[in-house]
Structure formats: C-alpha cells, structure tokens
Amino acid sequence: MKKFIIPLFIIISGSMFSQVSVGTDSQDNNKWTFGGGIGLGFGSNSAFYLQASPRVGYRLTDDLEAGVVGSVSWQTSNYYKSTMFGVGPFANYYFARSFYVGANLQQYFINYKDKLYDYKTNEQETALYLGGGYMQRIGGSSFMQLGVMYNVLWKENSSIFSSGLVPNIGFVVGL
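Computed from a predicted structure; not experimentally measured. (Residues numbered from 1 in each chain as written. Predicted model: local features only at pLDDT ≥ 70, side-chain atom pairs only at ≥ 80, totals over all residues. Heavy atoms only, no water.)

Draft legend 1. Structural detail: the overall build of the protein. Across its full length, the protein holds two helices and eight strands. Going residue by residue from the N terminus, the α and β elements of the protein occur as α-α-β-β-β-β-β-β-β-β. Out of the 175 residues in the protein, the part that is buried amounts to 31%. For the protein, long-range pairs separated by at least 24 residues make up 47% of all intrachain contacts whose partners lie at least 6 apart in sequence. (Helix = DSSP H or I, 4+ residues; strand = E, 2+ residues; numbered from the N terminus. Buried < 20%, exposed > 50% of the residue type's maximum accessible area, 1.4 Å probe, protein only. Contact = heavy atoms within 4.5 Å.)

Listed below in structure tokens is the structure:
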C-alpha cells in the first residue's frame, strides 16, 4: 500500500505545482517598486548626521516610473541641532536598463536650534531636483542607483542647503 500511496502523492504534487507555475511571471504583473537610501556622517565638534529616504513607485511603462519619496534627517553637534522632513513626487525614465534621468520635487520642513545662541526656528523650503545616473543590477529585479541631482530652485544666500548639487546612492526593487 505504501508503494502505491507515496508515488501517487508525488504525481499529484507535481501536477499541482506545474499548474501553479504555468503562465506569466508574477514579477511582470507587479508594477510597484520600493527602495530608498540611508546616510550617516560624522564631523568635527561632535557632529553627527543620520538620514533615511524611502520611496514607493509605480511603473507606468517598462521605462517610466513615478511615485512618492520621503526623507528624514537628524543633525547634531556641539553648536546646533536640526531635524528635517521632506516629501514629494518623483519620476524616473530608464533607458538601456543601465541609465536613468529623473525629476524629484521635495517640500522640506526644517526645525533648527542653535545651541550657542539659544535660537530656534522652523522653516520650509521647496527643492526641484533634476539629474540622472547609472544603475547596476544586484540580483533579480533589484538595482543600485548611482547618480547626481541638481536643485534648480537653490539660491546661494537664502537656501538652507549649502549647495544645489546632490550626489546620491540608492536601491530599488521591482524594476
């Protein structure tokens, strides 16, 4: 009886598995992408910087993706303390599956405290980043992105940022 039941279960299991695996790849049907980046920095005067920027996108076509990106960063030193939140839409166009160009509009909310002069301020700033970069496949539908963006709304004397140029490294799953 055992000689009959075990092969029967193997045949049934094999036919059920083959029924499940026939058809289109589920990755082709899933158009959602996820990713982001993290940053960590140290400096003089006990300076510490921590940043995270998660993103969720949707592939409108095989080469065009749009979505929402957020960012949060904490900075502290002997002289100041700052927290910054940002959120906004982005769009990326991919070509040759190795390169991309993109746009990212961010609205930042900044809380800044100067420890030396006991001064506090809450500010907002809008940034429009345009740029592009290179993508390296790291497995399956996962990529590492290396790029440079420039904030075209950056103003030298009134921006909270020291420069309009922003290098970036991030990861994306689902492309």
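Having seen the structure, we can now continue with the description.
Draft legend 2. Focus on the pairing of strand β5 (residues 99–114). Inspection of the sheet shows strand β4 (residues 80–95) paired to β5 by 14 bridges, in the antiparallel sense. Note that in β5 the partner of methionine 84 across the bridge is isoleucine 110. Between β4 and the antiparallel strand that follows it, β5, lie three residues; alanine 96 among them carries a positive phi value of about 60°. The sheet contact formed by β5 and strand β6 (residues 119–139) spans 16 bridges and is antiparallel. Bridge pairing in β6 links lysine 113 to lysine 120. (Pairing = 2+ DSSP bridges.)

Draft legend 3. Focus on a positive patch on the surface. On the surface, a cluster of positive charge is contributed by Lys81, Lys113, Lys115 and Lys120. Topologically, lysine 115 is positioned in the loop between β5 and β6. Note on lysine 115: relative accessible area 39%, which makes it partly exposed. (Patch = residues over 30% accessible without salt bridge, like charges linked within 9 Å, V, L, I, M, F, W, Y side chains within 5 Å. Areas by Shrake-Rupley, 256 points an atom, 1.4 Å probe, with all protein chains shown as cover. Salt bridge = Lys/Arg side-chain N within 4 Å of Asp/Glu carboxyl O. Lys, Arg positive; Asp, Glu negative; His and termini not counted. Charge placed at Lys NZ, Arg CZ, Asp CG, Glu CD.)

Draft legend 4. Highlighting the environment of proline 167. Structurally, proline 167 is set in strand β8 (residues 165–173). Once the C-alpha coordinates of proline 167 and tyrosine 150 are considered, the two residues, 17 residues apart in sequence, prove to be 8.6 Å apart. Once you skip the residues sitting within four places of it in the chain, proline 167 turns out to touch Gly147 and Val148.

Draft legend 5. Examining the nonpolar core more closely. Within the largest apolar cluster, seven residues are counted, these being Met84, Tyr108, Ile110, Ala127, Tyr129, Met149 and Phe161. Among the elements of the structure, β5 and β6 are those that each provide at least two residues to this core. Tyr94, Tyr100, Phe143 and Leu175 belong to the second-largest nonpolar core, a separate cluster that totals six residues. (Core = buried A, V, L, I, M, F, W, Y, C linked by side-chain atoms within 4.5 Å.)

Draft legend 6. Looking closely at the pattern of salt bridges. This model, assessed by the stated rule, comprises two salt bridges. Between glutamate 65 and arginine 55 there is a salt bridge; the shortest N-O distance is 2.8 Å. Here arginine 55 lies in strand β2 (residues 47–59) and glutamate 65 lies in strand β3 (residues 64–76), a separation of 10 residues in the sequence. Pair check on accessibility: glutamate 65 and arginine 55 agree, each one buried. A salt bridge links aspartate 62 to arginine 59, with the nearest nitrogen and oxygen atoms 3.8 Å apart. Under the relative-accessibility criterion, arginine 59 is labelled buried at 7%.

Draft legend 7. Inspection of unusual backbone geometry at higher detail. Here asparagine 45, not a glycine, exhibits a phi torsion of approximately 60°, which is positive. In this fold, asparagine 45 is placed in the loop between β1 (32–43) and β2. One non-glycine residue, aspartate 118, adopts positive backbone phi at about 50°. For aspartate 118, the location among the structural elements is in the loop between β5 and β6.

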